[in-house]
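What follows is each chain in one-letter form.
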Amino acid sequence: VSSTSRPIGVFDSGVGGLTVLAQLCIEMPDEQFVYLGDTARLPYGTKSPDTVIRYAVQIAQALVACNVKAMVIACNTASAMALPAIRAHFPELPVMGVVEPGAQAAVNTSRNGRIGVIATEATVRGGAYQRAIVQRRPEAIVTAAACQLLVALAEEGWTDGPVARGAAARYLEPLFEPRALRELRPDTLVLGCTHFPMLRAVIADSAGPTVQIVDSAATTARAVRQQLHDCGQLRNAADGAGLRLRLLATDGAGRFAAIGSRFLGRSIAVSDVEIIDL
Ligand code: DGL
């Protein structure tokens, strides 16, 4: 097997990273992907950094055992906490997270340098987005809000309707205050959690028509393609049978298939999900 035909490993705390996997498949239709969702231990967004790092390193070990040629941390919380630890464990392996591409896209998009970030509690508390944005644009003013309930709403499929609209409005209100001073409000909002693209329409409505939404899934997929290209690791289309997905989870094949189908945007059969122990 030539080294470029090895799979790309992708992982998340559960099904959320399938929004990132969907974009990776669009961007690189000739690659093979192994996706691992740690459904037995999600959510990561309410856990301590030490626990998230320990879980993420275990998952990375499982993916390395699948002979991956690169790894994408398709989870904002794990990217924010565990990227340096995973790189330190596997110095030879290209490892990419979602925070840096998301921060770069926000900096490119914002005109007034005021950027809002919505994410899980752990991602907001850790400050990785805030740091990544200010590193790229020192005068930027970043306001971050933890929107943990939106994770559950996305999994429940309540992505529209009064409950989703009410939750989005309540979480976003402090970010877009004061209403009177338009120029002081963020003009760009980063969806800093894998689940939030599912709620993009209600989030965009709450933020208002002047706010640009940045989705780290799409920008990450482009960054991963570029990095693989730069290190000569992109698979040649002539090499093989086109896109292939292997889906692994640590619990609940049925729930993974049912909820994951919505996140991936294509149907997943229960029999497509392999349950593994870490
Ligand atoms: N995947 C997580 C993230 O992007 C959201 C779900 C969780 O809290 O585990 O931050």
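This text gives an overview of the structure that appears in the document. Here the structure is a predicted model, which is why all the values come from computation and not from measurement.

## Observations concerning the site of the ligand
Next up, step 1: Of all residues adjacent to the ligand, which total 13 residues, the nearest are Asp12, Ser13, Tyr44, Gly45 and Thr77.
Next up, step 2: Take Thr77: an N or O atom from its side chain is 2.6 Å from an oxygen atom of the ligand.
Next up, step 3: Contact with the protein chains covers 100% of the free accessible surface of the ligand, which is 300 Å².
Next up, step 4: Residue composition of the shell around the ligand, by class: 4 nonpolar, 8 polar and 1 charged.

## Observations concerning helix α8 (residues 161-172)
Next up, step 1: Compared with an ideal rise of 1.5 Å per residue, which puts 12 residues at 16 Å, α8 spans 17 Å between its outermost C-alpha atoms and is within 8% of the ideal.
Next up, step 2: Of all the positions in α8, only Gly161, Ala164, Ala167, Ala168 and Leu172 are classed as buried. All buried residues of α8 fall inside an arc of 120° around its axis, so they share one side. Residues Pro162 and Arg170 are exposed on α8 and point more than 90 degrees away from its buried face.

## Some remarks on the pairing of strand β2 (residues 32-37)
Next up, step 1: Along β2, 6 of the 6 residues are buried, which leaves the element largely enclosed by surrounding structure.
Next up, step 2: Burial along β2 is two-sided: Gln32, Val34 and Leu36 and Phe33, Tyr35 and Gly37, pointing in opposite directions, are all buried.
Next up, step 3: Strand direction decides the pairing type here: strand β1 (residues 8-12) and β2, joined by 5 bridges, are parallel. Of the residues in β2, the one forming a bridge with Phe11 is Leu36.
Next up, step 4: Tracing the backbone out of β1, into helix α1 (residues 18-27) and back to the parallel element β2 gives a crossover that is right-handed.
Next up, step 5: Across 6 bridges, the pairing between β2 and strand β9 (residues 244-249) is parallel. Within β9, the position partnered with Gln32 by the bridge is Arg244.

## Structural notes on the pattern of salt bridges
Side chains that differ in sign of charge can pair as their charged atoms come close.
Next up, step 1: Scanning the entire structure with this criterion turns up 7 salt bridges.
Next up, step 2: With a shortest N-O distance of 3.4 Å, Arg165 and Asp160 are connected by a salt bridge.
Next up, step 3: We classify Arg165 as partly exposed; its relative accessible area is 42%.

## Notes on the environment of Leu228
Next up, step 1: Its place among the elements puts Leu228 in helix α10 (residues 216-230).
Next up, step 2: Taking the relative accessible area as the measure of exposure, Leu228 reaches 0% and is therefore buried.
Next up, step 3: Counting along the chain gives 224 residues from Leu228 to Thr4, while the straight-line C-alpha distance between them is 9.4 Å.
Next up, step 4: Setting aside anything within four residues of it in sequence, one finds Leu228 in contact with Ile8, Met28, Ala70, Gln233 and Leu234.

## Concerning the sheet that holds β9
Next up, step 1: Spatial strand order, β4-β3-β1-β2-β9-β10: 6 strands in an open sheet with parallel pairing. Pairing within the sheet leaves two strands with one partner each, and these edge strands are β4 (95-96) and β10 (273-275).

## Digging into the side chain of Asp12
Next up, step 1: Examined against the element boundaries, Asp12 turns out to sit in strand β1.
Next up, step 2: Here Asp12 occupies a buried position and makes no salt bridge, while the nearest side chain of opposite charge, Arg255, is found at 12 Å.
Next up, step 3: Side-chain polar atoms of Asp12 contact the backbone nitrogen of Gly17, separated by 2.9 Å.
Next up, step 4: Once residues lying within four places of it in the same chain are set aside, the contact partners of Asp12 are Gly17, Tyr35, Leu36, Gly37, Asp38, Ile59, Ala74, Cys75 and Thr194.

Rules used in this analysis
- Residues numbered from 1 in each chain as written.
- Predicted model: local features only at pLDDT ≥ 70, side-chain atom pairs only at ≥ 80, totals over all residues.
- Heavy atoms only, no water.
- Near = heavy atom within 4 Å.
- Polar contact = N/O pair within 3.5 Å; in protein donor to acceptor, adjacent residues only side chain to side chain.
- Areas by Shrake-Rupley, 256 points an atom, 1.4 Å probe, with all protein chains shown as cover.
- Nonpolar A, V, L, I, M, F, W, Y, C, P; charged D, E, K, R; others polar.
- Helix = DSSP H or I, 4+ residues; strand = E, 2+ residues; numbered from the N terminus.
- Expected span 1.5 Å × (residues − 1).
- Buried < 20%, exposed > 50% of the residue type's maximum accessible area, 1.4 Å probe, protein only.
- Arc of directions from axis to C-beta.
- Pairing = 2+ DSSP bridges.
- Right-handed = clockwise from strand over helix to strand, strands pointing away.
- Salt bridge = Lys/Arg side-chain N within 4 Å of Asp/Glu carboxyl O.
- Contact = heavy atoms within 4.5 Å.
- Lys, Arg positive; Asp, Glu negative; His and termini not counted.

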